Amino acid sequence: MSLTASGTPARQAKGAGTPPPRTVSQRRRALGLDRDAWFLLLPALLPILLLSAGPLLYGLSLAFTDAQSGRTAVTGFTGLANFADLRLDSLFWDSFRIGLVWAVCVTALQFLLALGLAVLLNQNLRFRWLARTLALVPWAMPEVVVGVMWRLVYHQDAGILNATLRDLHLISTSVDWLAGVSLALPAVIVVGVWAGMPQTTVVLLAGLQNVPLELHEAAALDGAGLWRRFRTVTWPALKPVALAITALNFIWNFNSFGLIYVLTGGGPGGSTRLPMLFAYEEAFRYGQFGYAAAMGLVMVAVVAVLLAVFLRNRLKEDDR
């Protein structure tokens, strides 16, 4: 083995690199895990642990107990009894089916409409800044305000929707949109799409603005039309953003509560009772905290599995 003048191996003298850290302290310093850094992170970690991780763990523990409301109620460990009862609860699984229909429809319609709006707002239009500002208005409104506003829109006698349809001679009698079993769910889906579309539009618009203009110009010079340019240039660059916002929207929509609670309260006849609303009623109306916590745990598990399958299939498509 050839040595340099200082007695070190030639490969080290040439700057090929230093030997890897061997002790624990050396590895921690190499990874930036100094003890002082943890103290700097504590102000940010403590609120997360106290306000998020703590209640989450406590809720998970309630799922295995018979916890009920009342100061004198004695809480005991029941193991998997809540989940055994939940497996036979047809009302919960009906609400779960309604929740999936709601989440899939709202998420899909939000994405399609938001994509079209984002493409439009990405053009060099006159007063584009004003259009972008107005597109964010539904996102800035609280869910309670949105629910009350749309209750007035859907009102059977004084609602603007029935009045407009009568003026257009599309209906002869007023329709009670939120009281009909067959109409309530489509009506609240429309509200969910309207309320959640702006955030999807903003994310997709940001993704569109990151697509290099030179690629569109090159494709146009090659004779590609609008659809072909979108399919071959815009969509491949936008797909990661679209995948992320679709997954997040599905989670948010499946866990919807405030909007449905204000609009219909889960009625009529449970046709709009989403699983989150069902768990809320079980906990705070009937006082079955342990059973409601088991519902929440099942919802988290099922949604996680569905998202894992969805993301896995989409990532496989990207790898092809």
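Draft legend 1. Region of the structure containing the side chain of N253. Checked against the element boundaries, N253 lands in helix α12 (residues 226–254). Its relative accessible area of 8% is what places N253 among the buried residues. When neighbours within four sequence positions are excluded, N253 is seen to be in contact with W102, A103, V106, T107 and Q110.

Draft legend 2. Looking closely at the packing of helix α5 (residues 90–121) against helix α10 (residues 181–209). Two elements in contact, α5 and α10, have axes separated by 6 Å at closest approach and are oriented at 45°. As the angle between them shows, α5 and α10 are arranged oblique. Along this stretch, α5 crosses α10, giving a crossing that reads as right-handed. A breakdown of the residues in the contact of α5 with α10 according to their chemical character gives 22 nonpolar, five polar and no charged.

Draft legend 3. Focus on α10. Between its first and last C-alpha atoms α10 spans 43 Å; for 29 residues at 1.5 Å apiece the expected length is 42 Å, and the two agree. The largest bend along α10 measures about 40° and falls at M197, with the proline P198 one to four residues further on.

Draft legend 4. Representation of the packing of aromatic side chains within the structure. Enumeration over the complete set of coordinates arrives at 16 aromatic pairs. Considering the side-chain rings of W150 and W194, the 5.8 Å spacing of their centres and the 65° angle between planes classify their relative orientation as edge-to-face. Of this pair, W150 sits in helix α8 (residues 143–153) while W194 is found in helix α10, placing the two residues 44 residues apart along the sequence. Classification of W150 as buried rests on a relative accessible area of 13%. The partly exposed category is assigned to W194, whose relative accessible area is 28%.

Draft legend 5. Spotlight on unusual backbone geometry. Note the cis peptide between G267 and P268, where omega equals -5°. Here P268 lies in the loop between α13 (258–263) and α14 (275–285). Positive phi, close to 60°, is recorded for H169, a residue that is not glycine.

Draft legend 6. Examining a nonpolar patch on the surface more closely. Where nonpolar side chains cluster on the molecular surface, the patch consists of W38, F39, L41, L42, L45, L46, L49, L50 and L51 and spans about 910 Å² of accessible area. By secondary structure assignment, the location of W38 is in helix α3 (residues 35–62). The exposure class assigned to W38 is partly exposed, which follows from its relative accessible area of 42%.

Procedures and definitions
Throughout, a residue's number is its position along its own chain's written sequence, starting from 1. Restriction of local features to residues with pLDDT of at least 70 applies here, the model being predicted, together with a cutoff of 80 or more for giving and counting side-chain atom pairs; totals for whole chains, interfaces and linings are based on all residues. Where side-chain values are given, they derive from all heavy atoms of the structure, hydrogens and water being excluded. The helix and strand labels rest on DSSP assignments: H or I over at least four residues marks a helix, E over at least two residues marks a strand, and numbering proceeds from the N terminus. Buried residues are those whose accessible area, probed at 1.4 Å on protein chains only, stays under 20% of the maximum for their type, while exposed residues exceed 50% and partly exposed ones sit between those limits. The criterion used for residue contact is that any of the two residues' heavy atoms lie within 4.5 Å. Angles run from 0 to 180 degrees between N-to-C directions of axes, and those axes are lines fitted to C-alpha atoms, restricted for helices to the stretch in contact. Roughly parallel refers to an angle under 35 degrees, roughly antiparallel to one over 145, roughly perpendicular to one between 65 and 115, and oblique to any angle outside these ranges. Each crossing gets its handedness from the near helix: less than a right angle anticlockwise from the far helix is left-handed, clockwise is right-handed. Three classes are used: nonpolar for Ala, Val, Leu, Ile, Met, Phe, Trp, Tyr, Cys and Pro, charged for Asp, Glu, Lys and Arg, and polar for all others, with Gly counted as polar. By this rule, a helix spans an expected 1.5 Å times one less than how many residues it contains. Throughout, the bend at a residue refers to the angle made by two axes, fitted to the seven residues ending there and to the seven starting there. For Phe, Tyr and Trp, rings pair up if their centres lie within 6.5 Å, where Trp contributes its six-membered ring, and each pair is then called stacked (planes under 30 degrees apart), edge-to-face (over 60) or tilted (otherwise). For patch detection, residues must exceed 30% relative accessible area and be free of salt bridges, and they are connected within 9 Å for like charges or within 5 Å for nonpolar side chains (Val, Leu, Ile, Met, Phe, Trp, Tyr). Residue-level accessible areas treat just the shown protein chains as cover; the underlying method is Shrake-Rupley with a 1.4 Å probe. For this analysis, a salt bridge means a side-chain nitrogen from Lys or Arg found within 4 Å of a carboxyl oxygen belonging to Asp or Glu.

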